Amino acid sequence: MKELTQKIKQFVEERDWDRFHSPKNLAMALSVEVAEVVEHFQWLSEAESMGISDEKKTEVRDELGDILIYLVQLSSKLGIDLIEAAHQKVDKNALKYPRERVRGKALKYSEY
């Protein structure tokens, strides 16, 4: 993760783009990229979404790359360790969604 963060930082510095990369702008850009992933699956059935073409998969891969780039930049700006944050969130979710109560169910924690 540190190597990727540094590579992105260098890319941005070489283009003098850091002044545009406030947390607000990065969050907005992140949401746009997520919407671009959604667009690839918007009208597909569940089964169709599982079997997208290699060409479509490449397009989705590129959008996921954009998402990760903006996410890394945003977390770096805010001083948040993404790996640590993900571990902590999984631990919180384990408490919120005990496996013995939710196994095989797609309910929100407030519904069980």
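Preceding this section is the structure that the text describes.
Residue positions are given per chain, counting from 1 as you read along its sequence in written order. For a predicted model such as this one, the threshold for reporting local features is a pLDDT of at least 70, and the threshold for listing and counting side-chain atom pairs is 80 or more; totals across whole chains, interfaces and linings nevertheless cover every residue. Excluding hydrogens and water, the side-chain values take into account all heavy atoms of the structure.

Novice: It is not clear to me how the side chain of glutamate 33 should be interpreted in this structure. Could you clarify?
Specialist: Within the secondary structure layout, glutamate 33 lies in helix H2 (residues 23-41). Salt bridges are absent for the buried glutamate 33, whose nearest opposite-charge side chain, arginine 61, sits at 12 Å. The criterion used for residue contact is that any of the two residues' heavy atoms lie within 4.5 Å. With residues near it in sequence (within four places) discarded, glutamate 33 still touches Glu63, Asp66, Ile67 and Tyr70. Helix numbering and strand numbering both begin at the N terminus, where a helix is a DSSP run of H or I of at least 4 residues and a strand a DSSP run of E of at least 2. Each residue gets one of three labels from its accessible area relative to the maximum for its type: buried under 20%, exposed over 50%, partly exposed in between, using a 1.4 Å probe on protein chains only. His is not counted here, nor are the chain ends, while Lys and Arg score as positive and Asp and Glu score as negative. Here a salt bridge means any side-chain nitrogen of Lys or Arg lying within 4 Å of a carboxyl oxygen belonging to Asp or Glu.

Novice: Which parts of the structure should I look at to understand H2?
Specialist: The periodicity of an α-helix, 3.6 residues per turn, causes residues three or four positions apart to be oriented the same way. Residue count minus one, scaled by 1.5 Å, sets the expected span of a helix. Counted at 1.5 Å a residue, the expected span for H2 with its 19 residues is 27 Å, and the 28 Å between its end C-alpha atoms agrees. For H2, the full list of buried residues reads Leu26, Ala29, Leu30, Glu33, Val37 and His40. Seen from one end, H2 has its buried residues packed into an arc of 105 degrees, which puts them on one side. Relative to its buried face, H2 has exposed residues pointing more than 90 degrees away, namely Lys24 and Glu39. Packed against the buried residues of H2 are helix H4 (54-78). Picture the helix axis, draw a direction to every C-beta atom, and the arc is the one those directions span.

Novice: Explain unusual backbone geometry here, please?
Specialist: With the exception of glycine, most residues fall at negative phi, and the peptide bonds are largely trans. Even without being a glycine, aspartate 16 presents a positive backbone phi close to 55 degrees. Structurally, aspartate 16 can be placed in the loop between helix H1 (2-15) and H2. By relative accessible area, which is 44% here, aspartate 16 ends up partly exposed.

Novice: When you look at the packing of aromatic side chains in this model, what are you seeing that I'm missing?
Specialist: Each aromatic ring pair is described using two quantities: the centre-to-centre distance and the angle formed by the ring planes. Pairs were defined over the aromatic rings of Phe, Tyr and Trp, the Trp ring being its six-membered one, requiring ring centres within 6.5 Å. Orientation was assigned from the angle between planes: stacked under 30 degrees, edge-to-face over 60, tilted for the rest. Under the defined criterion, the tally for this structure stands at one aromatic pair. Working rule: Lys NZ or Arg CZ, within 6 Å of ring centre, within 35 degrees of ring normal, means a charge sits over the ring. A cation over a ring is seen here: arginine 15 above phenylalanine 11, with NZ or CZ 3.6 Å from the ring centre.

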